Amino acid sequence: PLRDDDNDVTVQEAAPKLKKPPLYKVILLNDDFTPMDFVINLLMQFFAMSTEKATQVMLQIHTQGVGVCGTYSKDVAETKVYIVNEYSRQHQHPLLCSMEEL
Ligand code: TYC
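These numbers were taken from a predicted model, which means no experiment stands behind them.

**Here we look at the overall build of the protein chain**
Logical step 1: The number of helices and strands found in the protein chain is three helices and three strands.
Logical step 2: In the protein chain, the succession of helices and strands from N to C terminus is β-α-α-β-α-β.
Logical step 3: The globule rule puts the C-alpha radius of gyration for 102 residues at 13 Å, and the 24 Å found for the protein chain is more than 25% above it.
Logical step 4: Viewed in the frame of its principal axes, the protein chain has a C-alpha envelope of about 90 × 25 × 20 Å.
Logical step 5: In the protein chain, buried positions account for 19% of the 102 residues.
Logical step 6: The contacts in the protein chain between residues at least 6 apart in sequence include a share of 71% that link residues at least 24 apart.

Set out below in structure tokens:
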């Protein structure tokens, strides 16, 4: 009997078009006016850091000019930046929080 090879077509499956969403670093900038203990308490309150970790990150910002508070999805990073800047303004401190893509 004749073989029928017509049905050995190559099926190329479409790769799922799901790219991993980008991550964002939430950063704090140094300034000359915001008290160190305010920064430490803010890091503990909004970024779930221990006293030791918060002190370390605050000192890193104080000496290097900038420091990373955490890494989040875009939505979460935007919310963190917003609440931290609001909180600082409410307490009359010039502390600046920002974000950048990883
Ligand atoms: N430089 C500030 C001071 O000497 C402390 C400080 C640390 C301010 C971190 C902002 O993101 C900051 N009081």
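And the narrative resumes.
**Thoughts on the nonpolar core**
In a soluble, globular protein the nonpolar side chains are often hidden away together inside.
Logical step 1: With 16 residues, the main nonpolar core has Val26, Leu43, Val57, Met58 and Cys97 as its most contacted residues.
Logical step 2: Sorting the residues of this core by element identifies strand E1 (24-29), helix H1 (36-47), helix H2 (51-64) and helix H3 (74-90) as the ones contributing at least two each.
Logical step 3: Counting residues per element, this core draws most heavily on H2, at four residues.
Logical step 4: Excluding residues within four positions of it along the chain, Met58 makes contact with Met36, Val39, Ile40 and Leu43.

**Structural notes on the UniProt feature "domain: Adaptor protein ClpS core" (unreviewed entry) in the protein chain**
Logical step 1: This chain's UniProt record puts "domain: Adaptor protein ClpS core" (unreviewed entry) on residues 19-98.
Logical step 2: The distance separating the terminal C-alpha atoms of residues 19-98 is 25 Å; by composition the span is 54% helix and 20% strand.

The rules we used
- Residues numbered from 1 in each chain as written.
- Predicted model: local features only at pLDDT ≥ 70, side-chain atom pairs only at ≥ 80, totals over all residues.
- Helix = DSSP H or I, 4+ residues; strand = E, 2+ residues; numbered from the N terminus.
- Rg over C-alpha atoms; globule rule 2.2 N^0.38 Å.
- Buried ≥ 20, exposed ≤ 12 C-beta atoms within 10 Å, placed from the backbone.
- Contact = placed C-beta atoms within 7 Å.
- Core = buried A, V, L, I, M, F, W, Y, C linked by C-beta atoms within 7 Å.
- UniProt positions renumbered as here; feature names shortened; annotations may be inferred.

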